[in-house]
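# Topology and contacts: notes
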Amino acid sequence: FIGTRPEAIKMAPVILALKADPRFSPILISSGQHGEMLTQALSMFDLVPDFNLEVMEPGQSLAKLTAKVTSRVDKVLSEIKPDIVLVHGDTTTAFASSVAAFYLGIDVGHVEAGMRTGNVNRPFPEEFNRQAISRIARWNFAPTDTARINLLAEAVKPETIHLIGNTVVDALNLVVGRMQDDHRLNALVKTSLEQLSKAGWQPI
């Protein structure tokens, strides 16, 4: 499950690895939390969602968004009956998808688990989301040793924690490796950088 542009970028290497492994039959489901931005990010990796839940509407509350994602995820999970649900990070999509899977007795894997500020209200609601997912997840895939230690400090069972590194680095390596020969990808990256620049982003 993905819903935002960062999730799309960071989960793309995982999705591609699963697609390349004959032991798995991955199904990519988008909540549509970021709409067009999500589609653009996925296109950099030639990925298209198998399902788009299209949860966004102008001015909806966080409670309404959470309820809508949970309900629509419940419906699609009941239809496809997967063995495992993978979520990423701390978004409403990740939290609500995990809860829906938990209610249906489906095991959850949490990519980028263990990131913490220590203040449940900062960032809001992301800090709560990621803490809650860690209580549900059968597999907590921590990007750093600090994240692993955070999970252990919360009494998350050590056998559920796996130190895997940061998938955004894998995504970067994938894109850089393809840019030399892929003119379409070069154009997408250029457009993305221009949009970020207009929004006030400056490279370090």
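In what follows, the structure referred to is the one given above.
Quick look at the structure, then. Counting starts from 1 at the beginning of each chain's written sequence and moves along it residue by residue. Side-chain atom pairs in this predicted model are given and counted only at pLDDT of 80 or more, local residue features only at pLDDT of at least 70, and totals for whole chains, interfaces and linings cover all residues. Calculation of side-chain values draws on the structure's entire complement of heavy atoms; hydrogens and water are dropped beforehand.

### Quick word on the packing of aromatic side chains
In this analysis, rings of Phe, Tyr and Trp, with Trp reduced to its six-membered ring, are considered paired at centre separations within 6.5 Å, and the interplanar angle assigns stacked below 30 degrees, edge-to-face beyond 60, and tilted for intermediate values. Scanning all chains against the criterion turns up 2 aromatic pairs. Their ring planes at 65° and their centres at 5.5 Å tell us that phenylalanine 95 and phenylalanine 128 sit as a pair that is edge-to-face. In this pair, phenylalanine 95 sits in helix H4 (residues 92–103) while phenylalanine 128 sits in helix H5 (residues 126–136), placing the two residues 33 residues apart along the sequence. Aromatic side chains phenylalanine 102 and tyrosine 103 sit 6.3 Å apart centroid to centroid with 50° between the ring planes, which places their arrangement in the tilted category. Put simply, DSSP H or I for four residues or longer makes a helix, DSSP E for two residues or longer makes a strand, and each gets a number counted from the N terminus.

### Re the environment of glutamate 57
Along the chain, glutamate 57 falls in the loop between strand E2 (51–52) and helix H3 (62–80). Working definition: with a 1.4 Å probe on protein chains only, accessible area under 20% of the residue-type maximum means buried, over 50% means exposed, and in between means partly exposed. Classification of glutamate 57 as partly exposed rests on a relative accessible area of 32%. Separated by 24 residues in sequence, glutamate 57 and glutamine 33 place their C-alpha atoms 9.3 Å apart. Apart from the residues within four sequence positions on either side, glutamate 57 is in contact with Lys64 and Lys68. Pairs of residues are marked as contacts when any of their non-hydrogen atoms sit within 4.5 Å.

### What about the pattern of salt bridges?
By definition here, a salt bridge exists when the distance from a side-chain nitrogen of Lys or Arg to a carboxyl oxygen of Asp or Glu is within 4 Å. Taken as a whole and judged by the stated rule, the model has 9 salt bridges. Ionic pairing is found between arginine 138 and aspartate 107, a salt bridge with its closest N-O pair at 2.7 Å. Of this pair, arginine 138 sits in the loop between H5 and strand E5 (139–142) while aspartate 107 sits in strand E4 (residues 107–111), and the two are 31 residues apart along the sequence. Taking the relative accessible area as the measure of exposure, arginine 138 reaches 46% and is therefore partly exposed. Looking at aspartate 107, the relative accessible area reads 28%, which means it is partly exposed. When the shortest N-O distance is used, the salt bridge between arginine 148 and aspartate 145 registers 2.7 Å. Here the residue arginine 148 and the residue aspartate 145 both occupy positions in helix H6 (residues 145–153), the gap between them amounting to 3 residues, near one helical turn.

### Points about H4
Expected helix span is given by 1.5 Å per residue-to-residue step, counting one fewer step than there are residues. Over its 12 residues, H4 extends 16 Å from the first C-alpha to the last, a length consistent with the 16 Å expected when each residue adds 1.5 Å. Burial of H4 is extensive: 10 of the 12 residues sit out of reach of the surface. Among the residues of H4, Thr92, Thr93, Ala94, Phe95, Ala96, Ser97, Ser98, Val99, Ala100 and Ala101 are the ones counted as buried. In the stretch just after H4, glycine 105 is the one whose phi turns positive, near 75°.

### Things to note about the side chain of glutamate 127
Structurally, the position occupied by glutamate 127 is in helix H5. A relative accessible area of 0% places glutamate 127 in the buried class. Here threonine 117 takes part through its backbone nitrogen, which lies 3.1 Å from a polar atom of the side chain of glutamate 127. Within the structure, the side chain of glutamate 127 is placed 3.3 Å from the backbone nitrogen of glycine 118, a separation counted as a polar contact. If near-sequence neighbours (up to four positions away) are discounted, glutamate 127 is found in contact with Met115, Arg116, Thr117, Gly118, Asn119, Val120 and Arg122. What qualifies as a polar contact is a pair of N or O atoms within 3.5 Å, subject to a donor-acceptor requirement within protein and to the restriction that residues adjacent in sequence count only when both atoms come from side chains.

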